[in-house]
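Listed below, chain by chain, are the residues.
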Amino acid sequence: MTEITAEIIEAIDNAETVLVCGHIRPDGDCIGSASAMKRLCEKLGKKADAVCDAEPPAAFGFLPQYEEFGKLRYEKYDLFIAVDCANEARLGVYRAQLQAAKNSINIDHHPTNGKYCKINHIDPDACSTCYILFKLFSAESIMDRDIATMLYTGLSTDTGHFMHSNTTSAVFNAAAEMCDMGVDIAYVNHEIYCNKSFERIKLTARALEAIRLYAEGRIALMTVMQSDLADTGCKAEDTEGLIDNASAVTGVKLAIAMCEQPGGYFRVSLRSVCADVAAVAERFGGGGHRLAAGCIIQGNRYDVADKLLAACAAALGVEN
């Protein structure tokens, strides 16, 4: 048992109730790591809940104990565990629970993490928070098939199904160990990547039509408006992953996805194969990883697009 694993388990042992919290706008790594941490705590004999400030995406409804996610069953929590969450603001309404807890743990892989808990385990070189949890607990007897399934989900989604540059031999070895623990790889992969509603397919078609190329084809911009969601019967969560279609265009080095939010805001996702998009996102109050980042910008869609295109062209060192 490593020193940090022992410290985390000791903190859990000293608590009666534990609240595990992921970030707003949860993705696979967020849902997977929060769900796995909850089950780990339960196997250590604790009363635990897992939440995030949003409805858990229906796309992850196949995960074990999914129906329990987002439910607060206890009046207070002795221990607060933040997973995959770079700063307190991204905890949303559950920030108050962090402040009220006697003890707190922060487990994350974002290089911009503010280390806002009493115990902080941040590994910016890790491909995902689920990978960190696997490394922390894989040698312990508390791991089981359900936990491995939750962790595999985050491992797969945060590496782009093992296509991103954060995929290493160690990541493949971890996936192999999870498979040996009983994870049904074919089933999980199908649920994540192939099980799409007809409404989501219609939204994808609209998003594809909306792609525009700039900087001589090096930058792809995709815009999804509230009207697109309404016309196709989709929710905001259905825009997750659409940016991958823009990134896939031949010659594109940097992709931008602008998704309109109520109130005149745009949620922006940035992906690149070579440029530091985290630095671009930070200019607009966001953050993330070097090749995958995001932010929220208020304004007219055309003004927001102009600002982003200028910043992204500068990051690539090309003319907009």
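Computed from a predicted structure; not experimentally measured.

Colleague: It is not clear to me how the side chain of Thr 149 should be interpreted in this structure. Could you clarify?
Modeller: Mapped onto the elements of the fold, Thr 149 is located in helix H5 (residues 145–158). Not counting the four nearest positions on each side in its chain, Thr 149 is found in contact with Leu 63, Pro 64, Val 183 and Val 188.

Colleague: Mind showing me how you'd approach the packing of aromatic side chains here?
Modeller: Working definition: an aromatic ring pair is given by the centre-to-centre distance plus the angle between the planes. What the rule picks out here adds up to four aromatic pairs. What links up through ring pairs into an aromatic cluster is the set Tyr 152, Phe 162 and Phe 172.

Colleague: It is not clear to me how the pattern of salt bridges should be interpreted in this structure. Could you clarify?
Modeller: Per the stated rule, a full pass over the model turns up eleven salt bridges. Of the charged contacts in the structure, one is a salt bridge between Asp 144 and Lys 43, with a shortest N-O distance of 3.3 Å. Linking Asp 144 in the loop between helix H4 (129–137) and H5 with Lys 43 in helix H2 (residues 28–43), this pair joins segments that are 101 residues apart in sequence. Arg 206 serves as the salt-bridge partner of Asp 231, at 3.1 Å between the closest nitrogen and oxygen. Taken together, the residues span a long stretch of sequence, with Asp 231 in helix H9 (residues 226–232) and Arg 206 in helix H8 (residues 198–209) at a distance of 25 residues. Judged by its relative accessible area of 31%, Arg 206 is partly exposed. One salt-bridge network, in which partners are shared between bridges, spans Lys 38, Glu 42, Asp 49, Glu 68 and Arg 73.

Colleague: Would you explain unusual backbone geometry in this entry?
Modeller: Phi is mostly negative for residues that are not glycine, and the peptide bonds are mostly trans. One non-glycine residue, Arg 25, lies in the positive phi region at around 50°. Along the polypeptide, Arg 25 turns up in the loop between strand E1 (17–21) and H2. Take Arg 25: its relative accessible area is 33%, and that puts it in the partly exposed class. Notably, Gln 65 is not glycine yet its phi reads approximately 65°, a positive angle.

Colleague: What should I look at first to understand a negative patch on the surface in this one?
Modeller: A cluster of like negative charges, contributed by Glu 3, Glu 7, Glu 10 and Asp 13, occupies part of the molecular surface. In this structure, Glu 3 sits in helix H1 (residues 3–13). A residue is classified by how much of its surface remains accessible, and Glu 3, at 71% relative accessible area, is exposed.

Colleague: Explanation requested: H4 in the structure shown.
Modeller: Counting along an α-helix, one turn takes 3.6 residues, and residues three or four places apart therefore face a common direction. For H4, the buried fraction is high: eight of the nine residues fall into the buried class. Listed as buried for H4 are Thr 129, Cys 130, Tyr 131, Ile 132, Leu 133, Phe 134, Leu 136 and Phe 137.

Colleague: Honestly, the sheet that holds E1 in this entry has me stumped. Any pointers?
Modeller: Strands pair in a sheet through their backbones, by hydrogen bonds, and they do so in one of two ways: parallel or antiparallel. Read across the sheet, five strands follow the order E2-E1-E3-E4-E5 without closing on themselves; strand pairing throughout is parallel. Either end of the sheet is taken by a strand with one partner, and the two such strands are strand E2 (47–51) and strand E5 (119–122). In this sheet, neighbouring strand axes are inclined to one another by 15° on average, regardless of whether the strands run parallel or antiparallel. Note: strand E3 (residues 79–83) against strand E4 (residues 103–108), five bridges, orientation parallel. Its bridge partner being in E4, Phe 80 is matched across the sheet by Ser 104.

The rules behind the values
- Residues numbered from 1 in each chain as written.
- Predicted model: local features only at pLDDT ≥ 70, side-chain atom pairs only at ≥ 80, totals over all residues.
- Heavy atoms only, no water.
- Helix = DSSP H or I, 4+ residues; strand = E, 2+ residues; numbered from the N terminus.
- Contact = heavy atoms within 4.5 Å.
- Phe/Tyr/Trp six-rings, centres within 6.5 Å; stacked < 30°, edge-to-face > 60°.
- Salt bridge = Lys/Arg side-chain N within 4 Å of Asp/Glu carboxyl O.
- Buried < 20%, exposed > 50% of the residue type's maximum accessible area, 1.4 Å probe, protein only.
- Patch = residues over 30% accessible without salt bridge, like charges linked within 9 Å, V, L, I, M, F, W, Y side chains within 5 Å.
- Areas by Shrake-Rupley, 256 points an atom, 1.4 Å probe, with all protein chains shown as cover.
- Lys, Arg positive; Asp, Glu negative; His and termini not counted.
- Charge placed at Lys NZ, Arg CZ, Asp CG, Glu CD.
- Pairing = 2+ DSSP bridges.
- Axes fitted to C-alpha atoms, helices over the stretch in contact; angles between N-to-C directions.

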